[in-house]
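Each chain, letter by letter, is given below.
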Amino acid sequence: MNQPLRDDMDFRALVGDVRPLPASNRADPTAHRQCPSDAQLARREWAEEERGARNFLSDDFVDLLPPFDPIEYRREGIQQGVVDKLKHGGYSVQSQLHLLRRPLSECRRLLFPFIQEAYTHDLRSVLIVHGRGREIDSPANVLRSYLAKWLSQFEEVQAYVSAQPSEGGLGATWVMLRKSARAKANNRERQQKRRGQL
């Protein structure tokens, strides 16, 4: 007896008296989905408005950054060593946001929940890929200029720097987020366990 035939017999022995489902008991993948109800549409619209109302990122005038200058920012109290480690890729990418070739309004809308959710999930280092233009008023450089402004508006952002050439260079930005209260408590507990205090 050859192997495929033996495998087929073994399979039949395992499944025993299992029978195929009747045609009337199968899902129809060609069936059209129902349109959302008016209540569902109203809830979606309300959620979008609520999210937009919480978005404090300003789309007012911004001074355009020179296209070939790296960006760097750190809050008061953040050590330069942290920024240097961030700049040289010393932290792993825990999440990425790609904003390449997107309109400015969409980038503003995507950045806000991205930073909020990263902080909520205790992420510390994230990478934002935005591209870089060669002219001062190119769309990519305008986005880069707004991104520098927006990131400094978040209390959760401790520092940000332009990435290394291997990670996207001036077309990407590393962002360091502060630890949440939960992450600080977990860190304290870990240190106390290590010292044998718990």
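This structure is a prediction, so every number in the text was calculated from the model and none was measured.

Trainee: I tried to follow the side chain of Glu 156 on my own but got confused; where do I start?
Mentor: Following the sequence through the fold, Glu 156 ends up in the loop between α5 (139–153) and β4 (157–162). Of the side chains with opposite charge, Arg 178 lies nearest to the buried Glu 156, which makes no salt bridge, at 5.0 Å. Every residue in contact with Glu 156, bar those within four places of it in the chain, is listed here: Ile 115, Gln 116, Tyr 119, Met 176, Leu 177 and Arg 178.

Trainee: Can you help me understand the sheet that holds strand β5 (residues 172–177) in this one?
Mentor: Backbone hydrogen bonds are what pair the strands of a sheet, in a parallel or an antiparallel way. Strand order across the open sheet formed by five strands is β1-β4-β5-β3-β2, with mixed pairing between neighbours. Every other strand in the sheet has two partners, leaving β1 (72–74) and β2 (95–98) as the edge strands with one partner each. Taking each pair of neighbouring strands and ignoring which way they run, the sheet shows an average axis angle of 20 degrees. Across the sheet, helix α4 (residues 104–120) lies against β2, β3 (125–129), β4 and β5, angled at about 180 degrees from β2, the strand it touches most. Each of β1, β3, β4 and β5 touches α5; the most contacted strand, β4, lies at about 160 degrees to it.

Trainee: Before we go on, may I ask you to explain the packing of aromatic side chains in this structure?
Mentor: Aromatic rings in a pair are described by how distant their centres are and how their planes are angled relative to each other. This structure, assessed with the given rule, holds five aromatic pairs. Consider the rings of Tyr 73 and Tyr 160, whose centres lie 5.1 Å apart with planes at 20 degrees: the pair is stacked. Within this pair, whereas Tyr 73 is found in strand β1, its partner Tyr 160 is found in strand β4, the two being separated by 87 residues in sequence. Take Tyr 73: its relative accessible area is 22%, and that puts it in the partly exposed class. For Tyr 160, a relative accessible area of 4% corresponds to the buried category. By the ring-pair criterion, three or more aromatic residues cluster together here, those being Phe 56, Phe 112 and Phe 154.

Trainee: Quick question: what am I supposed to make of the nonpolar core here?
Mentor: In globular proteins that are soluble, nonpolar side chains generally tend to be buried together. Core analysis: the largest hydrophobic core is formed by 24 residues, its most contacted members being Leu 111, Ile 115, Ile 128, Leu 151, Val 157 and Val 175. At the level of elements, α4, β3, α5, β4 and β5 are the ones that each hand at least two residues to this core. Leave out the neighbours within four places in its chain, and Ile 128 touches Leu 97, Leu 99, Leu 111, Phe 114, Leu 147, Leu 151, Gly 171, Ala 172, Thr 173 and Val 175. Ile 78, Val 83, Ala 172 and Trp 174 belong to the second largest nonpolar core, which has 11 residues in total.

Trainee: What should I look at first to understand the pattern of salt bridges in this one?
Mentor: For side chains of opposite charge, pairing can occur when their charged atoms come near one another. All chains considered together, the criterion is met by four salt bridges. For the salt bridge of Glu 189 with Lys 193, the shortest nitrogen-to-oxygen distance reads 3.5 Å. With Glu 189 and Lys 193 both in helix α6 (residues 181–195) and four residues apart, the pair spans about one turn of that helix. With a relative accessible area of 54%, Lys 193 lands in the exposed category.

Trainee: Would you explain the packing of α4 against α5 in this entry?
Mentor: Interaxial distance between α4 and α5 falls to 11 Å at its minimum, and their mutual angle equals 35 degrees. As α4 packs across α5, the resulting crossing turns out to be right-handed. For the pair α4 and α5, the contacting residues are Leu 104, Cys 107, Arg 108, Leu 111 and Ile 115 in the first and Leu 143, Tyr 146, Leu 147, Trp 150 and Leu 151 in the second. Tallied by class, the residues present in the contact of α4 with α5 amount to nine nonpolar, no polar and one charged.

The rules behind each value
- Residues numbered from 1 in each chain as written.
- Predicted model: local features only at pLDDT ≥ 70, side-chain atom pairs only at ≥ 80, totals over all residues.
- Heavy atoms only, no water.
- Helix = DSSP H or I, 4+ residues; strand = E, 2+ residues; numbered from the N terminus.
- Buried < 20%, exposed > 50% of the residue type's maximum accessible area, 1.4 Å probe, protein only.
- Lys, Arg positive; Asp, Glu negative; His and termini not counted.
- Salt bridge = Lys/Arg side-chain N within 4 Å of Asp/Glu carboxyl O.
- Contact = heavy atoms within 4.5 Å.
- Pairing = 2+ DSSP bridges.
- Axes fitted to C-alpha atoms, helices over the stretch in contact; angles between N-to-C directions.
- Phe/Tyr/Trp six-rings, centres within 6.5 Å; stacked < 30°, edge-to-face > 60°.
- Core = buried A, V, L, I, M, F, W, Y, C linked by side-chain atoms within 4.5 Å.
- Left-handed = near helix turned anticlockwise from the far one by under 90°.
- Nonpolar A, V, L, I, M, F, W, Y, C, P; charged D, E, K, R; others polar.

By themselves, these are just geometric observations and shouldn't be taken as functional.
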